[in-house]
Amino acid sequence: MAYKPQYGPGTSVVAENRRKQMNPNQKLEKVRSVTDEDIVLILGHRAPGSAYPTAHPPLAEQQEPNCPMRKLVKPTDGAKAGDRVRYIQFADSMFNAPSQPYQRTYTEMYRFRGIDPGTLSGRQIVECRERDLEKYSKDLIETEMFDPALVGIRGATVHGHSLRLAEDGMMFDMLQRNVLGEDGIVKYVKNQIGEPLDRAVAVGKPMDEKWLKAHTTIFHSLVGTAYRDDAEYVEYVQRIHSLRTKYGFMPKEE
Amino acid sequence: MTNAEFPQVRIVPIRMLKPATAERLLNMLAGTAGIRRMMIHGPGLPKTVPYGPARGSPNPHSDRKAIRIADAEIALRVQVGTVILEVEDASVIEEIRSLCDDFFVEFPYLLQEGKFMKTSPTLVDYAKYGPDADTSLVGLTDPRNRESPVILRTEQ
């Protein structure tokens, strides 16, 4: 019998969205388009148009040892070219942001290759070879995993995810990397670590409340779907909790 | 220093205020008789990037600007999240409540009663103000900050 991954429990719309993001066979809806140059500007690792700095010579020029694993695993484009390892970090608001740190890591592990994610309570960083990073970042920004107001691309000073939103609906950012313009479009005026950009980078309009509520992967009893409303999810977590607690005392499931 | 006989309230809007809205709210409160002390509270907006790779570089932020309350100018250093007030008596609280009910129409707010200011001077207060400190200053500003409180003079 072929194994069919389930990705996660739950009957609520939040659980459904989590499964959708994690399942690599499901194409994520493209919501906006951002050019490659704009992504390079937001990331702030190199000047747009410049060559990729390298950490080691391309694999083709190297004398690789005879290793069955190396034959089995095909290197990613960045690894093949010897790019340096760079990162992108996201902070997700708790008020119905479309993704959240743990979810991001699960999703990236299912969808991307050659990555090293780091997960914290309010932010999630993913490291990989530079040209792979730009490709993955484009996916993460252009699809339904991103909302210009409630998701911040923040390399440093990330707090704000658990704070109240500002009057205009933007997540608090001490460094104000992105601003909501008069035209309703969010523009990045600083790169992810807070250095001012030469030109503003538009990342589109914030999504409306209805869309956010339908696409979020965060339970929130006040503004979204309450966790306790998803009985299957609660039952699953309780089971894991009780098995972990009883571990070592010969747990037996009925 | 706070006195137990003076009630305190805290205005907590559900959204953090922009400088213009904060200016309107504070001016409205400044026109109310019976408020002894007022404090604004919220996450800080530093002038330079405090940490990370861009540490030390300037941090232009559109919400860090000076607002005018009554006859005084206040340089905002925070995004206004809550306003803490110490009032003369309970009747002032009801007045504040009715003013705020009219003010917050776009989004809701909470008016909480309790103790929100320091009740006795700390060691840092002692180091800053000495043994003969003006008790009305204690608890109003961050003792480590060089700025002193602003005194509003309103025609009442």
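Residues numbered from 1 in each chain as written. Chains lettered and ligands numbered in written order. Predicted model: local features only at pLDDT ≥ 70, side-chain atom pairs only at ≥ 80, totals over all residues. Heavy atoms only, no water.

- Chain B goes by Methyl-coenzyme M reductase operon protein D in an unreviewed UniProt entry, where it is assigned to Methanoculleus chikugoensis.

- As annotated in an unreviewed UniProt entry, chain A carries the name Methyl-coenzyme M reductase subunit gamma and comes from Methanoculleus chikugoensis.
- Quoted verbatim from the Pathway (unreviewed entry) field of UniProt, the annotation for chain A is "One-carbon metabolism; methyl-coenzyme M reduction; methane from methyl-coenzyme M: step 1/1."
- Its UniProt record gives chain A a comment under Subunit (unreviewed entry), which states: "Hexamer of two alpha, two beta, and two gamma chains." (UniProt positions renumbered as here; feature names shortened; annotations may be inferred.)

## A look at the nonpolar core
And then number 1: In terms of nonpolar packing, the biggest core is built from 36 residues, with Ile88, Phe90, Ile141, Phe146, Ile153, Tyr188 and Val203 of chain A touching the most fellow members.
And then number 2: Secondary structure elements with two or more residues in this core: helix H2 (36–43), strand S1 (85–92), strand S3 (123–129), helix H6 (130–142), strand S4 (151–153), strand S6 (186–190), strand S7 (196–202) and helix H7 (209–215) of chain A.
And then number 3: Aside from chain neighbours lying at most four places away, what touches isoleucine 153 of chain A is Ile42, Ile88, Gln89, Phe90, Ile141, Phe146, Arg177, Tyr188 and Gln192 of chain A.
And then number 4: The next biggest cluster of nonpolar side chains, apart from the first, holds 26 residues, and it includes Val9, Leu26, Ile96 and Phe107 of chain B. (Core = buried A, V, L, I, M, F, W, Y, C linked by side-chain atoms within 4.5 Å. Buried < 20%, exposed > 50% of the residue type's maximum accessible area, 1.4 Å probe, protein only. Helix = DSSP H or I, 4+ residues; strand = E, 2+ residues; numbered from the N terminus. Contact = heavy atoms within 4.5 Å.)

## What to know about the environment of tyrosine 227 of chain A
Residue and element names in this part refer to chain A.
And then number 1: The residue tyrosine 227 is located in the loop between H7 and helix H8 (231–246) in this model.
And then number 2: Given the relative accessible area of 33%, tyrosine 227 is considered partly exposed.
And then number 3: Sequence separation of tyrosine 227 and glutamate 144 is 83 residues, and the distance between their C-alpha atoms is 22 Å.

## Points about the sheet that holds S4 of chain A
Residue and element names in this part refer to chain A.
And then number 1: Pairing is antiparallel across the open sheet formed by four strands, whose spatial order is S2-S3-S1-S4. Taken across any chain shown, the strands that pair with only one partner, and hence form the sheet edges, are strand S2 (116–119) and S4. The average angle at which neighbouring strand axes cross in this sheet is 20 degrees, direction not considered.
And then number 2: Relative to S4, S1 runs antiparallel, the two being bridged by three bridges. Following the sheet pairing, aspartate 92 is matched in S4 by valine 151.
And then number 3: Against the sheet, H6 engages S1, S3 and S4, with an angle of about 140 degrees to S3. (Pairing = 2+ DSSP bridges. Axes fitted to C-alpha atoms, helices over the stretch in contact; angles between N-to-C directions.)

## Considerations on the packing of aromatic side chains
And then number 1: Enumeration over the complete set of coordinates arrives at ten aromatic pairs over all chains.
And then number 2: Residues phenylalanine 104 of chain B and phenylalanine 107 of chain B carry aromatic rings whose centres are separated by 5.8 Å and whose planes lie at 50 degrees to one another, so their mutual orientation is tilted.
And then number 3: Phenylalanine 104 of chain B gets classed as buried once you look at its relative accessible area, which sits at 9%.
And then number 4: Classification of phenylalanine 107 of chain B by relative accessible area gives buried; the value is 12%.
And then number 5: In textbook terms, an aromatic cluster arises when at least three aromatic residues are bridged by ring pairs, as seen for Phe219, Tyr227, Tyr233 and Tyr236 of chain A.
And then number 6: Over the ring of phenylalanine 90 of chain A we find arginine 104 of chain A, and its NZ or CZ is 4.2 Å from the ring centre. (Phe/Tyr/Trp six-rings, centres within 6.5 Å; stacked < 30°, edge-to-face > 60°. Lys NZ or Arg CZ within 6 Å of the ring centre and 35° of its normal.)

## Some remarks on the interface of chain B and chain A
And then number 1: Facing the 26 residues of chain B at the interface are 20 residues of chain A.
And then number 2: Both sides together, the interface formed by chain B and chain A hides about 1,900 Å², and carbon and sulfur atoms give 57% of it.
And then number 3: Together, Arg15, Met16 and Tyr51 of chain B form the three largest contributors to the area buried by chain B at its contact with chain A, with a combined 29%.
And then number 4: Connecting chain B to chain A are one salt bridge.
And then number 5: The partner of aspartate 168 of chain A in a salt bridge is lysine 18 of chain B, with the nearest N and O atoms 3.5 Å apart.
And then number 6: Along the contact surface separating chain B from chain A lie 13 residue pairs in polar contact (both at pLDDT 80 or more).
And then number 7: Of the residues contributing to the side of chain B that touches chain A, the split by class is 15 nonpolar, nine polar and two charged. (Buried area = accessible area lost by both parts, 1.4 Å probe. Salt bridge = Lys/Arg side-chain N within 4 Å of Asp/Glu carboxyl O. Polar contact = N/O pair within 3.5 Å; in protein donor to acceptor, adjacent residues only side chain to side chain. Nonpolar A, V, L, I, M, F, W, Y, C, P; charged D, E, K, R; others polar.)

## Thoughts on unusual backbone geometry
And then number 1: Positioned with a positive phi, asparagine 96 of chain A is a non-glycine residue whose angle comes to about 65 degrees.
And then number 2: In this fold, asparagine 96 of chain A is placed in the loop between S1 and helix H5 (101–111).
And then number 3: Taking the relative accessible area as the measure of exposure, asparagine 96 of chain A reaches 6% and is therefore buried.
And then number 4: A positive phi angle, close to 50 degrees, is found at alanine 70 of chain B, a residue other than glycine.
And then number 5: Looking at the element boundaries, alanine 70 of chain B is found in the loop between strand S3 (66–69) and strand S4 (72–75).
And then number 6: Judged by its relative accessible area of 33%, alanine 70 of chain B is partly exposed.

## Describing the confidence of the model for chain B
Residues and elements named next belong to chain B.
And then number 1: With 95% of its residues at a pLDDT of at least 70, chain B reaches an overall mean of 88.
And then number 2: Looking at the elements of chain B, mean pLDDT is at its lowest for helix H3 (residues 123–129), recorded as 83, and at its highest for strand S1 (residues 8–13), recorded as 96.
And then number 3: For this predicted complex, the interface score ipTM comes out at 0.85, while the overall pTM is 0.89. (pLDDT = per-residue confidence, 0-100.)

## A closer look at the pairing of S1 of chain A
Two faces make up the sheet, and in a regular strand the side chains alternate between them.
Residue and element names in this part refer to chain A.
And then number 1: For S1, the buried fraction is high: six of the eight residues fall into the buried class.
And then number 2: Strand direction decides the pairing type here: S1 and S3, joined by seven bridges, are antiparallel. Residue isoleucine 88 lies in a different strand from S3, and its bridge partner there is valine 126.

## Looking at a nonpolar patch on the surface
Residues and elements named next belong to chain A.
And then number 1: On the surface, Tyr227, Tyr236, Val237 and Ile240 cluster together into a nonpolar patch covering about 320 Å² of accessible area.
And then number 2: Its place among the elements puts valine 237 in helix H8.
And then number 3: Judged by its relative accessible area of 36%, valine 237 falls in the partly exposed class. (Patch = residues over 30% accessible without salt bridge, like charges linked within 9 Å, V, L, I, M, F, W, Y side chains within 5 Å. Areas by Shrake-Rupley, 256 points an atom, 1.4 Å probe, with all protein chains shown as cover.)

## Examining the sheet that holds S6 of chain A
All names here are of chain A.
And then number 1: Taken together, the three strands give an open sheet; going across it, the order is S5-S6-S7, and neighbouring strands pair in antiparallel fashion. Two strands in the sheet have a free side with no partner beyond their single neighbour: strand S5 (178–180) and S7. Adjacent strand axes in the sheet meet at a mean angle of 25 degrees, parallel and antiparallel pairs treated alike.
And then number 2: Strand direction decides the pairing type here: S5 and S6, joined by three bridges, are antiparallel. The partner of valine 179 across the bridge, within S6, is lysine 187.
And then number 3: On top of the sheet, H2 reaches S6 and S7; it is set at about 135 degrees to S7, its chief contact.

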